[in-house]
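# Architecture at a glance
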Amino acid sequence: MGLKAGIVGLPNVGKSTLFNAITKKNILAANYPFATIDPNVGIVTVPDERLVKLEELYKPERLIATSYEFIDIAGLVKGANLGEGLGNKFLSHIREVDAVVEVVRCFDDNNIIHVENTIDPIRDIEIINLELSLSDLEILNARIDKIKKKAETNRDKEALVELEVLKKAKENLEKNIPLRIVHFSEEELQLLNNFSFLTIKPIIYLANVNEENVAKEDNDYVKKVREYAKNEHAKVIKMCAKLEAELSELNDDEKKEMLNVAGVKESGLDQLIKDTYDLLGLATYFTVGSDEVRAWTFKKGMNAKKCAGIIHTDFEKGFIKAEVMSYEDLIKYGNEQKVKENGRARLEGKDYIMQDGDICYFRFNV
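Below, the structure is looked at part by part.

The rules behind each value
- Residues numbered from 1 in each chain as written.
- Predicted model: local features only at pLDDT ≥ 70, side-chain atom pairs only at ≥ 80, totals over all residues.
- Heavy atoms only, no water.
- Helix = DSSP H or I, 4+ residues; strand = E, 2+ residues; numbered from the N terminus.
- Buried < 20%, exposed > 50% of the residue type's maximum accessible area, 1.4 Å probe, protein only.
- Contact = heavy atoms within 4.5 Å.
- Areas by Shrake-Rupley, 256 points an atom, 1.4 Å probe, with all protein chains shown as cover.
- Disulfide = S-S within 2.5 Å.
- Core = buried A, V, L, I, M, F, W, Y, C linked by side-chain atoms within 4.5 Å.
- Salt bridge = Lys/Arg side-chain N within 4 Å of Asp/Glu carboxyl O.
- Phe/Tyr/Trp six-rings, centres within 6.5 Å; stacked < 30°, edge-to-face > 60°.

### Quick word on the overall build of the protein chain
- On a plain count of helices and strands, the protein chain comes out with 14 helices and 12 strands.
- In the protein chain, buried positions account for 49% of the 366 residues.
- Long-range pairs, those at least 24 residues apart, make up 69% of the contacts in the protein chain with a sequence separation of at least 6.
- Accessible surface, the protein chain as shown: approximately 18,500 Å² in total, 47% of it carbon and sulfur.

As C-alpha coordinates, this is what we get:
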(Lines give C-alpha, C1' and ligand atoms only; values in the text may rest on other atoms or scores of the structure.)
Protein backbone atom coordinates (compact mmCIF):
# COMPACT_ATOMS: atom_id res chain seq x y z
CA MET A 1 0.00 0.00 0.00
CA GLY A 2 3.02 2.31 0.39
CA LEU A 3 1.63 4.03 3.48
CA LYS A 4 3.87 5.92 5.90
CA ALA A 5 3.76 7.11 9.51
CA GLY A 6 6.09 9.93 10.54
CA ILE A 7 7.70 10.21 13.97
CA VAL A 8 7.92 13.88 14.97
CA GLY A 9 8.82 15.90 18.03
CA LEU A 10 11.18 18.49 19.41
CA PRO A 11 14.88 17.58 19.54
CA ASN A 12 15.94 15.17 22.32
CA VAL A 13 12.51 13.80 23.24
CA GLY A 14 13.36 10.19 22.31
CA LYS A 15 12.40 10.01 18.63
CA SER A 16 15.60 8.41 17.39
CA THR A 17 15.74 6.01 20.35
CA LEU A 18 12.21 4.93 19.45
CA PHE A 19 13.17 4.60 15.80
CA ASN A 20 16.13 2.40 16.77
CA ALA A 21 13.68 0.09 18.51
CA ILE A 22 11.29 0.10 15.57
CA THR A 23 13.82 -0.86 12.93
CA LYS A 24 16.56 -2.44 15.06
CA LYS A 25 18.92 -0.17 13.16
CA ASN A 26 21.70 1.67 14.97
CA ILE A 27 21.11 5.16 13.61
CA LEU A 28 22.64 8.12 15.39
CA ALA A 29 20.79 8.81 18.67
CA ALA A 30 22.93 11.54 20.17
CA ASN A 31 22.30 13.87 23.07
CA TYR A 32 22.11 17.04 21.01
CA PRO A 33 19.59 18.66 18.64
CA PHE A 34 19.40 17.54 15.00
CA ALA A 35 21.16 14.19 15.50
CA THR A 36 18.78 13.06 12.79
CA ILE A 37 19.36 15.24 9.73
CA ASP A 38 17.63 13.31 6.95
CA PRO A 39 14.50 11.24 7.44
CA ASN A 40 15.32 7.64 8.21
CA VAL A 41 12.91 5.09 6.81
CA GLY A 42 12.21 1.75 8.45
CA ILE A 43 9.82 -1.03 7.52
CA VAL A 44 7.84 -2.47 10.44
CA THR A 45 5.97 -5.75 10.45
CA VAL A 46 2.57 -5.65 12.11
CA PRO A 47 2.29 -8.11 15.05
CA ASP A 48 -0.60 -10.47 14.23
CA GLU A 49 -1.28 -13.59 16.29
CA ARG A 50 -3.54 -14.90 13.52
CA LEU A 51 -0.46 -15.60 11.40
CA VAL A 52 0.86 -17.93 14.10
CA LYS A 53 -2.36 -19.99 13.98
CA LEU A 54 -2.40 -20.05 10.18
CA GLU A 55 1.20 -21.25 10.16
CA GLU A 56 0.23 -24.13 12.46
CA LEU A 57 -2.64 -25.11 10.16
CA TYR A 58 -0.88 -24.88 6.78
CA LYS A 59 2.82 -25.40 7.67
CA PRO A 60 3.84 -23.19 4.72
CA GLU A 61 7.30 -22.81 3.23
CA ARG A 62 7.03 -19.04 3.69
CA LEU A 63 5.22 -16.87 6.23
CA ILE A 64 4.95 -13.18 5.32
CA ALA A 65 3.53 -10.57 7.67
CA THR A 66 2.06 -7.27 6.54
CA SER A 67 4.11 -4.11 6.96
CA TYR A 68 4.25 -0.35 6.52
CA GLU A 69 6.85 2.41 6.81
CA PHE A 70 7.90 4.52 9.77
CA ILE A 71 9.89 7.67 9.05
CA ASP A 72 12.03 9.36 11.70
CA ILE A 73 11.95 13.08 10.89
CA ALA A 74 14.47 15.64 12.12
CA GLY A 75 13.54 17.49 15.33
CA LEU A 76 11.49 20.67 14.95
CA VAL A 77 12.05 23.91 16.83
CA LYS A 78 10.05 27.12 17.32
CA GLY A 79 10.06 29.16 14.11
CA ALA A 80 10.28 26.15 11.78
CA ASN A 81 7.75 27.69 9.40
CA LEU A 82 10.19 30.61 8.99
CA GLY A 83 13.08 28.22 8.34
CA GLU A 84 14.48 28.04 11.89
CA GLY A 85 16.53 24.93 12.69
CA LEU A 86 15.76 22.41 9.98
CA GLY A 87 12.28 23.87 9.64
CA ASN A 88 11.54 23.77 5.93
CA LYS A 89 13.12 20.34 5.57
CA PHE A 90 11.08 19.05 8.51
CA LEU A 91 7.85 20.42 7.08
CA SER A 92 8.46 18.98 3.61
CA HIS A 93 9.23 15.54 5.06
CA ILE A 94 6.17 15.45 7.29
CA ARG A 95 4.01 16.53 4.34
CA GLU A 96 4.81 13.18 2.70
CA VAL A 97 3.49 10.96 5.53
CA ASP A 98 -0.05 9.64 6.01
CA ALA A 99 -0.18 9.76 9.82
CA VAL A 100 1.81 11.44 12.59
CA VAL A 101 3.27 9.96 15.77
CA GLU A 102 4.19 12.93 17.98
CA VAL A 103 6.73 11.98 20.65
CA VAL A 104 6.51 14.04 23.84
CA ARG A 105 9.04 13.91 26.66
CA CYS A 106 7.33 13.06 29.96
CA PHE A 107 10.27 12.47 32.28
CA ASP A 108 12.89 14.46 34.17
CA ASP A 109 16.59 13.81 33.59
CA ASN A 110 19.22 16.47 34.20
CA ASN A 111 21.68 14.55 32.02
CA ILE A 112 19.55 14.96 28.89
CA ILE A 113 19.22 18.51 27.67
CA HIS A 114 15.91 19.92 26.44
CA VAL A 115 15.86 22.46 23.64
CA GLU A 116 13.47 24.65 25.71
CA ASN A 117 15.50 24.02 28.94
CA THR A 118 12.48 22.81 30.98
CA ILE A 119 10.09 19.83 30.80
CA ASP A 120 6.59 20.87 29.75
CA PRO A 121 4.85 18.40 27.39
CA ILE A 122 1.89 20.67 26.59
CA ARG A 123 4.19 23.53 25.63
CA ASP A 124 6.15 21.10 23.42
CA ILE A 125 2.97 19.83 21.73
CA GLU A 126 1.74 23.37 21.15
CA ILE A 127 5.08 24.44 19.62
CA ILE A 128 4.85 21.66 17.05
CA ASN A 129 1.13 22.05 16.40
CA LEU A 130 1.52 25.82 15.98
CA GLU A 131 4.31 25.37 13.45
CA LEU A 132 2.19 22.90 11.48
CA SER A 133 -0.78 25.29 11.59
CA LEU A 134 1.32 28.25 10.43
CA SER A 135 2.64 26.20 7.53
CA ASP A 136 -0.91 25.23 6.52
CA LEU A 137 -2.07 28.87 6.82
CA GLU A 138 0.72 29.97 4.50
CA ILE A 139 -0.53 27.55 1.83
CA LEU A 140 -4.17 28.52 2.43
CA ASN A 141 -3.50 32.26 2.15
CA ALA A 142 -1.53 31.83 -1.06
CA ARG A 143 -4.27 29.70 -2.63
CA ILE A 144 -7.09 32.00 -1.47
CA ASP A 145 -5.30 35.03 -2.97
CA LYS A 146 -4.89 33.13 -6.23
CA ILE A 147 -8.53 32.06 -6.73
CA LYS A 148 -10.41 34.90 -4.97
CA LYS A 149 -10.71 37.08 -8.07
CA LYS A 150 -11.76 34.15 -10.25
CA ALA A 151 -14.41 33.14 -7.71
CA GLU A 152 -15.86 36.53 -6.78
CA THR A 153 -15.48 38.47 -10.04
CA ASN A 154 -16.11 35.75 -12.60
CA ARG A 155 -18.53 33.81 -10.34
CA ASP A 156 -16.79 30.60 -11.37
CA LYS A 157 -18.74 27.80 -9.64
CA GLU A 158 -15.78 25.50 -8.91
CA ALA A 159 -13.67 28.39 -7.65
CA LEU A 160 -16.51 29.58 -5.40
CA VAL A 161 -16.87 26.14 -3.85
CA GLU A 162 -13.11 25.84 -3.31
CA LEU A 163 -12.92 29.35 -1.82
CA GLU A 164 -15.62 28.56 0.75
CA VAL A 165 -13.87 25.34 1.84
CA LEU A 166 -10.49 27.10 2.10
CA LYS A 167 -12.02 29.95 4.13
CA LYS A 168 -13.58 27.41 6.50
CA ALA A 169 -10.19 25.75 6.96
CA LYS A 170 -8.47 29.11 7.50
CA GLU A 171 -11.00 30.28 10.11
CA ASN A 172 -10.46 27.12 12.17
CA LEU A 173 -6.66 27.25 11.97
CA GLU A 174 -6.70 30.89 13.08
CA LYS A 175 -8.56 29.70 16.19
CA ASN A 176 -5.81 27.08 16.79
CA ILE A 177 -8.13 24.23 15.74
CA PRO A 178 -6.28 21.58 13.67
CA LEU A 179 -8.06 20.54 10.49
CA ARG A 180 -8.22 16.88 11.57
CA ILE A 181 -10.90 17.69 14.17
CA VAL A 182 -12.95 20.01 11.95
CA HIS A 183 -16.03 18.43 10.37
CA PHE A 184 -15.70 18.41 6.59
CA SER A 185 -17.94 16.63 4.09
CA GLU A 186 -16.45 13.94 1.82
CA GLU A 187 -16.39 16.44 -1.06
CA GLU A 188 -14.65 19.06 1.09
CA LEU A 189 -12.05 16.52 2.25
CA GLN A 190 -11.32 15.49 -1.34
CA LEU A 191 -10.63 19.11 -2.19
CA LEU A 192 -8.41 19.68 0.88
CA ASN A 193 -6.44 16.48 0.24
CA ASN A 194 -4.99 18.11 -2.89
CA PHE A 195 -2.90 20.39 -0.65
CA SER A 196 -1.28 17.84 1.73
CA PHE A 197 -2.13 19.95 4.78
CA LEU A 198 -0.15 18.97 7.86
CA THR A 199 -2.85 19.47 10.50
CA ILE A 200 -5.35 17.27 8.65
CA LYS A 201 -3.21 14.16 9.14
CA PRO A 202 -4.38 11.74 11.88
CA ILE A 203 -2.18 11.80 15.00
CA ILE A 204 -1.11 9.64 17.94
CA TYR A 205 0.66 11.22 20.93
CA LEU A 206 3.44 9.10 22.37
CA ALA A 207 4.25 9.97 25.98
CA ASN A 208 7.87 8.93 26.49
CA VAL A 209 8.53 8.10 30.17
CA ASN A 210 11.53 6.66 31.99
CA GLU A 211 11.81 3.00 33.02
CA GLU A 212 10.64 3.68 36.59
CA ASN A 213 7.33 5.14 35.37
CA VAL A 214 6.42 2.80 32.52
CA ALA A 215 4.44 0.31 34.68
CA LYS A 216 3.24 2.82 37.27
CA GLU A 217 0.21 5.08 37.30
CA ASP A 218 0.52 8.00 34.88
CA ASN A 219 2.77 10.77 36.14
CA ASP A 220 1.57 14.39 35.98
CA TYR A 221 3.19 14.92 32.57
CA VAL A 222 1.34 11.97 31.01
CA LYS A 223 -1.96 13.03 32.60
CA LYS A 224 -1.63 16.44 30.96
CA VAL A 225 -0.95 14.86 27.57
CA ARG A 226 -4.01 12.60 27.91
CA GLU A 227 -6.19 15.58 28.81
CA TYR A 228 -4.90 17.54 25.81
CA ALA A 229 -5.38 14.62 23.43
CA LYS A 230 -8.93 14.03 24.67
CA ASN A 231 -9.97 17.35 23.12
CA GLU A 232 -8.73 16.09 19.75
CA HIS A 233 -10.17 12.58 20.18
CA ALA A 234 -6.57 11.40 19.72
CA LYS A 235 -4.97 8.32 21.24
CA VAL A 236 -2.08 8.49 23.73
CA ILE A 237 0.43 5.69 24.17
CA LYS A 238 2.67 5.68 27.24
CA MET A 239 6.01 4.10 26.48
CA CYS A 240 9.64 4.07 27.55
CA ALA A 241 11.61 4.41 24.30
CA LYS A 242 14.84 3.40 26.07
CA LEU A 243 13.24 0.16 27.33
CA GLU A 244 11.82 -0.58 23.87
CA ALA A 245 15.27 -0.13 22.33
CA GLU A 246 16.66 -2.67 24.82
CA LEU A 247 13.77 -5.09 24.16
CA SER A 248 14.40 -4.94 20.42
CA GLU A 249 17.79 -6.59 20.94
CA LEU A 250 16.33 -9.65 22.73
CA ASN A 251 14.77 -12.89 21.52
CA ASP A 252 11.09 -13.61 22.28
CA ASP A 253 11.70 -15.48 25.55
CA GLU A 254 14.12 -12.85 26.85
CA LYS A 255 11.67 -10.12 25.83
CA LYS A 256 8.83 -11.75 27.79
CA GLU A 257 11.05 -12.06 30.85
CA MET A 258 12.14 -8.42 30.65
CA LEU A 259 8.53 -7.24 30.24
CA ASN A 260 7.56 -9.26 33.32
CA VAL A 261 10.39 -7.71 35.33
CA ALA A 262 9.31 -4.24 34.16
CA GLY A 263 5.70 -5.06 35.08
CA VAL A 264 4.43 -4.44 31.54
CA LYS A 265 1.94 -6.76 29.81
CA GLU A 266 2.64 -5.75 26.21
CA SER A 267 5.51 -4.05 24.46
CA GLY A 268 4.63 -0.39 23.92
CA LEU A 269 6.16 -0.70 20.47
CA ASP A 270 3.77 -3.51 19.49
CA GLN A 271 0.89 -1.36 20.71
CA LEU A 272 2.18 1.64 18.73
CA ILE A 273 2.49 -0.39 15.52
CA LYS A 274 -1.04 -1.82 15.88
CA ASP A 275 -2.59 1.53 16.80
CA THR A 276 -0.84 3.38 13.97
CA TYR A 277 -1.97 0.69 11.53
CA ASP A 278 -5.53 1.27 12.71
CA LEU A 279 -5.09 5.06 12.63
CA LEU A 280 -4.10 4.80 8.97
CA GLY A 281 -7.42 3.06 8.32
CA LEU A 282 -5.73 -0.21 7.40
CA ALA A 283 -6.89 -3.80 7.74
CA THR A 284 -5.54 -7.24 6.81
CA TYR A 285 -6.69 -10.09 4.61
CA PHE A 286 -4.86 -13.39 4.13
CA THR A 287 -3.92 -15.75 1.34
CA VAL A 288 -3.07 -19.26 2.51
CA GLY A 289 -1.53 -22.49 1.22
CA SER A 290 1.27 -24.96 1.76
CA ASP A 291 3.70 -22.79 -0.21
CA GLU A 292 2.89 -19.48 1.47
CA VAL A 293 0.75 -17.88 4.15
CA ARG A 294 0.70 -14.14 3.68
CA ALA A 295 -0.97 -11.10 5.20
CA TRP A 296 -1.97 -8.30 2.84
CA THR A 297 -2.69 -4.68 3.82
CA PHE A 298 -5.76 -2.93 2.45
CA LYS A 299 -7.63 0.29 3.17
CA LYS A 300 -10.86 -0.24 5.08
CA GLY A 301 -13.76 0.11 2.65
CA MET A 302 -11.93 -1.35 -0.37
CA ASN A 303 -13.84 -3.86 -2.49
CA ALA A 304 -12.72 -7.35 -3.49
CA LYS A 305 -11.61 -6.34 -6.98
CA LYS A 306 -9.36 -3.54 -5.68
CA CYS A 307 -7.95 -5.85 -3.01
CA ALA A 308 -7.13 -8.45 -5.65
CA GLY A 309 -5.09 -5.77 -7.42
CA ILE A 310 -2.88 -5.42 -4.35
CA ILE A 311 -1.47 -8.87 -5.13
CA HIS A 312 -1.12 -8.24 -8.88
CA THR A 313 -2.71 -5.85 -11.38
CA ASP A 314 -3.76 -8.88 -13.50
CA PHE A 315 -5.88 -10.12 -10.58
CA GLU A 316 -7.81 -6.87 -10.69
CA LYS A 317 -8.08 -6.62 -14.49
CA GLY A 318 -9.35 -10.16 -14.92
CA PHE A 319 -11.28 -10.44 -11.65
CA ILE A 320 -14.09 -13.02 -11.72
CA LYS A 321 -14.94 -13.94 -8.13
CA ALA A 322 -13.36 -14.13 -4.68
CA GLU A 323 -13.65 -17.29 -2.62
CA VAL A 324 -13.89 -15.99 0.93
CA MET A 325 -14.00 -17.40 4.44
CA SER A 326 -13.32 -15.66 7.72
CA TYR A 327 -10.33 -16.39 9.92
CA GLU A 328 -12.71 -16.95 12.85
CA ASP A 329 -14.63 -19.64 10.96
CA LEU A 330 -11.43 -21.40 9.89
CA ILE A 331 -10.23 -21.57 13.49
CA LYS A 332 -13.69 -22.61 14.73
CA TYR A 333 -14.10 -25.51 12.28
CA GLY A 334 -10.41 -26.50 12.01
CA ASN A 335 -9.94 -26.72 8.22
CA GLU A 336 -11.27 -25.39 4.91
CA GLN A 337 -13.34 -28.49 4.11
CA LYS A 338 -15.31 -28.22 7.35
CA VAL A 339 -15.84 -24.50 6.79
CA LYS A 340 -17.44 -25.38 3.41
CA GLU A 341 -19.49 -28.24 4.89
CA ASN A 342 -20.95 -25.82 7.44
CA GLY A 343 -21.91 -23.34 4.73
CA ARG A 344 -19.48 -20.67 5.88
CA ALA A 345 -17.42 -20.41 2.66
CA ARG A 346 -18.83 -18.11 0.02
CA LEU A 347 -18.28 -16.63 -3.44
CA GLU A 348 -18.18 -12.85 -3.54
CA GLY A 349 -18.32 -10.45 -6.49
CA LYS A 350 -16.20 -7.41 -7.32
CA ASP A 351 -18.24 -5.02 -5.13
CA TYR A 352 -17.91 -7.07 -1.94
CA ILE A 353 -16.36 -4.88 0.80
CA MET A 354 -13.43 -6.78 2.22
CA GLN A 355 -13.33 -7.36 5.98
CA ASP A 356 -10.37 -7.61 8.32
CA GLY A 357 -9.45 -11.29 8.70
CA ASP A 358 -10.92 -12.47 5.39
CA ILE A 359 -9.09 -15.44 3.84
CA CYS A 360 -9.29 -15.23 0.05
CA TYR A 361 -8.69 -17.14 -3.16
CA PHE A 362 -9.14 -14.85 -6.16
CA ARG A 363 -10.48 -16.24 -9.44
CA PHE A 364 -9.31 -14.23 -12.44
CA ASN A 365 -8.78 -14.53 -16.17
CA VAL A 366 -6.66 -12.31 -18.42
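### Things to note about the state of the cysteines
- One pass over the structure, following the stated rule, counts 0 disulfides.
- Free cysteine: Cys-307, not disulfide-bonded; nearest cysteine sulfur from Cys-360 at 7.5 Å.
- On the accessibility criterion, Cys-307 (0% relative accessible area) is buried.

### Looking at the environment of Glu-55
- Mapping Glu-55 onto the fold places it in helix H2 (residues 49-58).
- Here Glu-55 falls in the partly exposed class, since its relative accessible area comes to 35%.
- Apart from the residues lying within four places of it in its own chain, the contact partners of Glu-55 are Pro-60 and Leu-63.

### Brief notes about the nonpolar core
- Judged by nonpolar contacts, the single largest core of 60 residues is most densely connected at Leu-18, Tyr-68, Phe-70, Tyr-205 and Leu-272.
- Beyond its immediate chain neighbours, meaning those up to four positions away, Tyr-68 contacts Leu-3, Ala-5, Gly-42, Ile-43, Val-44, Val-46, Leu-272, Ile-273, Thr-276, Tyr-277 and Leu-280.
- Judged by nonpolar contacts, the second largest core, of 19 residues, contains Leu-166, Ala-169, Leu-173 and Phe-197.

### A closer look at the pattern of salt bridges
- Scanning all chains against the criterion turns up 24 salt bridges.
- The salt bridge partner of Lys-168 is Glu-188, with a shortest N-O separation of 3.3 Å. A residue pair is termed long-range when its members are at least 10 positions apart, and Lys-168 in helix H5 (residues 157-174) and Glu-188 in helix H6 (residues 186-192) qualify at 20 residues.
- Through salt bridges with shared partners, a single ionic network connects Asp-48, Arg-50 and Asp-356.

### Describing the packing of aromatic side chains
- Inspection of every chain in the model, using the stated rule, returns 10 aromatic pairs.
- Arranged with centres 6.1 Å apart and planes meeting at 90°, the rings of Tyr-205 and Tyr-228 form a pair that is edge-to-face. Highlighted residues: Tyr-205 in strand S6 (residues 203-208) and Tyr-228 in helix H7 (residues 220-230), separated in sequence by 23 residues.
- Both rings, one in Phe-286 and one in Tyr-327, keep their centres 6.5 Å apart while their planes meet at 40°; by these two values the pair is tilted. On the criterion of sequence distance, the pair formed by Phe-286 in strand S8 (residues 282-287) and Tyr-327 in helix H13 (residues 327-333) is long-range, its members being 41 residues apart. Like Tyr-327, Phe-286 is buried.
- Here the aromatic residues Tyr-285, Trp-296, Phe-298, Phe-319 and Phe-362 are joined through ring pairs into a cluster of three or more.

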